[in-house]
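# Working through the structure, step by step
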Amino acid sequence: MSLCPADHCHRGIKGRCQKLIFSFAFEHSMLSNTSAVSNHSQQYYEGGRAKFNPKSQILPLIIAFPIVFVNGFILYIIVKKNNLHSVTNKWLASLAGCDLLMGLVGVSLYVACNSTHNDPTCFTSAIFIRFISIITLLHILGITIDRFIYILYPLRYHELVNNLRTHFAMAFFWLVSFLVVIVQLSWTNLDIGVFGDGGEQEDFKNRIYDSICTLIFFLSPLFFMVYAYARVLSAVHKQCKRIKRNNTTRRRSVSLEKFRERRAIVIYIIILVTFLTGWTPYFLVFLQQSLGKKLTFSMSHKTQYFFDILRIFSSLVRPVLYTMGKYDLRKAAKVKLWEFRNLF
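Below, the structure is looked at part by part. (Residues numbered from 1 in each chain as written. Predicted model: local features only at pLDDT ≥ 70, side-chain atom pairs only at ≥ 80, totals over all residues. Heavy atoms only, no water.)

### Let's talk about a positive patch on the surface
Residues Arg231, Lys238, Lys241 and Arg242 make up a contiguous surface patch of positive charge. Note that Lys238 resides in helix H8 (residues 200-245). (Patch = residues over 30% accessible without salt bridge, like charges linked within 9 Å, V, L, I, M, F, W, Y side chains within 5 Å. Areas by Shrake-Rupley, 256 points an atom, 1.4 Å probe, with all protein chains shown as cover. Salt bridge = Lys/Arg side-chain N within 4 Å of Asp/Glu carboxyl O. Lys, Arg positive; Asp, Glu negative; His and termini not counted. Charge placed at Lys NZ, Arg CZ, Asp CG, Glu CD. Helix = DSSP H or I, 4+ residues; strand = E, 2+ residues; numbered from the N terminus.)

### Focus: the state of the cysteines
This model, assessed by the stated rule, comprises one disulfide. Bridging Cys113 to Cys122, the disulfide has an S-S length of 1.9 Å. Taking the torsion about the sulfur-sulfur bond, which here is approximately 105°, the covalent link between Cys113 and Cys122 counts as right-handed. When sorted by exposure, Cys113 lands in the same class as Cys122, which is buried. (Disulfide = S-S within 2.5 Å. Buried < 20%, exposed > 50% of the residue type's maximum accessible area, 1.4 Å probe, protein only.)

### Observations regarding the nonpolar core
Grouped together as the largest cluster of nonpolar side chains are 67 residues, with contacts concentrated most on Tyr268, Trp279 and Tyr322. Among the secondary structure elements, those contributing two or more residues to this core are helix H3 (54-80), helix H4 (87-116), helix H5 (119-152), helix H7 (163-183), H8, helix H9 (251-291), helix H10 (301-325) and helix H11 (327-342). With 17 residues, the single largest contributor to this core is H5. Excluding residues within four positions of it along the chain, Tyr322 makes contact with Asn71, Ile74, Leu92, Leu95, Ala96, Ile267, Tyr268, Ile271 and Leu329. Formed by ten residues, the second largest nonpolar core is a distinct cluster that contains Ala64, Ile67, Val111 and Ile312. (Core = buried A, V, L, I, M, F, W, Y, C linked by side-chain atoms within 4.5 Å. Contact = heavy atoms within 4.5 Å.)

### Observations regarding the pattern of salt bridges
Applying the stated criterion across every chain, the model contains seven salt bridges. One salt bridge connects Asp99 with Arg318, and the closest N-O pair in it is separated by 2.6 Å. With Asp99 in helix H4 and Arg318 in helix H10, this residue pair connects regions lying 219 residues apart in the sequence. The same class applies to Asp99 and to Arg318, which are both buried. Between Glu159 and Arg156 there is a salt bridge whose closest N-O contact spans 3.6 Å. By relative accessible area, Arg156 is classed as partly exposed at 42%.

### Some words on H7
The α-helix winds at 3.6 residues per turn, so residues separated by three or four positions along the chain end up facing the same way. With 21 residues, H7 ought to run about 30 Å at 1.5 Å a step, and its terminal C-alpha atoms sit 30 Å apart, in line with that. Thr166, Met170, Phe173, Val176, Ser177, Val180 and Val181 are the residues of H7 that are buried. Buried residues of H7, seen end-on, are gathered within an arc of 130° and therefore sit on one face of the element. Facing away from the buried side of H7, by more than 90 degrees, are the exposed residues Leu164 and Phe168. Here H7 starts with a cap whose side-chain oxygen sits 3.2 Å from the backbone nitrogen of Leu164, and that cap is Asn162. (Expected span 1.5 Å × (residues − 1). Arc of directions from axis to C-beta. Polar contact = N/O pair within 3.5 Å; in protein donor to acceptor, adjacent residues only side chain to side chain.)

### Considerations on the packing of H5 against H7
Where H5 meets H7, the closest approach of the two axes is 9 Å, and the angle between their N-to-C directions is 150°. On the basis of their axis angle, the class for H5 and H7 is roughly antiparallel. Of the two possible hands of crossing, H5 and H7 adopt the one that is right-handed. Residues Ile127, Arg130, Phe131, Ile134, Ile135, Leu138, His139 and Gly142 of H5 touch H7, and the partners they reach there are Phe173, Trp174, Ser177, Phe178, Val180 and Val181. Here the contact of H5 with H7 is built from residues that sort into ten nonpolar, three polar and one charged. (Axes fitted to C-alpha atoms, helices over the stretch in contact; angles between N-to-C directions. Parallel < 35°, antiparallel > 145°, perpendicular 65-115°, else oblique. Left-handed = near helix turned anticlockwise from the far one by under 90°. Nonpolar A, V, L, I, M, F, W, Y, C, P; charged D, E, K, R; others polar.)

### Observations concerning the environment of Ile135
Counting through the fold element by element, Ile135 comes out in helix H5. Here Ile135 falls in the buried class, since its relative accessible area comes to 0%. Between the alpha carbons of Ile135 and Met170 there is a distance of 9.6 Å; along the sequence they are 35 residues apart. Those residues within four positions of Ile135 in sequence are excluded, and the remaining contacts are Cys98, Phe173, Trp174 and Ser177.

Quick look at the structure:
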């Protein structure tokens, strides 16, 4: 996976740009796998470097402001409100921290790299984007496991899930994500520059590294989450059918609770789909680099830019969705927003 600006990846198949991936615009590296560059791509490049289009950098910066505000607001109300310190809300607060970093750091590095094409900046940007992609997916996995146990094993939920284990899991996910992106530096020759050729040995290590990352941090969590949400939705559906056959006085309150559970699960599934929509092409590049020429695809620059924006925008969509999906979080957000309104 390349850590260099993909805008420079047309330099050659054997260059380091093909072995390392730059943040969002990684799809440009696919152009280097073709025998000839299209006329459109030739016009896009100028003097060995990509033309800088300031208009294309304005939208990411505009989106970054609400990302920082919304995720900062979610973190604030969860930390301040003691009644929101549930296990699920702690996962959502940590996920909001990931999205907050994306708005503060990720977008800044993305714009800085596309503006300056500076080696250290683009190198840092790529490392950070890989970190965000892994830690975000691990948090969605953590939320999925939490809901899976809560719905399918309600009597053992508090036995299996507690604050200590939750805090340990969060710290473990953050640490693992950091180590995964740092470990590649152990065999990357930084002395030859980002755009140099690291040699066949480094290329082989990167292929193994990309294969392991794709399997452990994308495909395996994805398959489990699809299975888990299928089981959860099936269980909630069966519980709702049993409630309808039950004529007890608590029927209405229990039905409302199950409706909220089902709505929350649907929201979490939408969050997962949103993540996959933006980040699947990113992980597909890992797979392509692992398989070499067995899998090749390319995108137009407009399509590449669309996925760039979609990945950034997902950090704004996620907090809005899970705030709408959780009754306690939605209620606390409304109260706090009303308090802010009264200040003016």
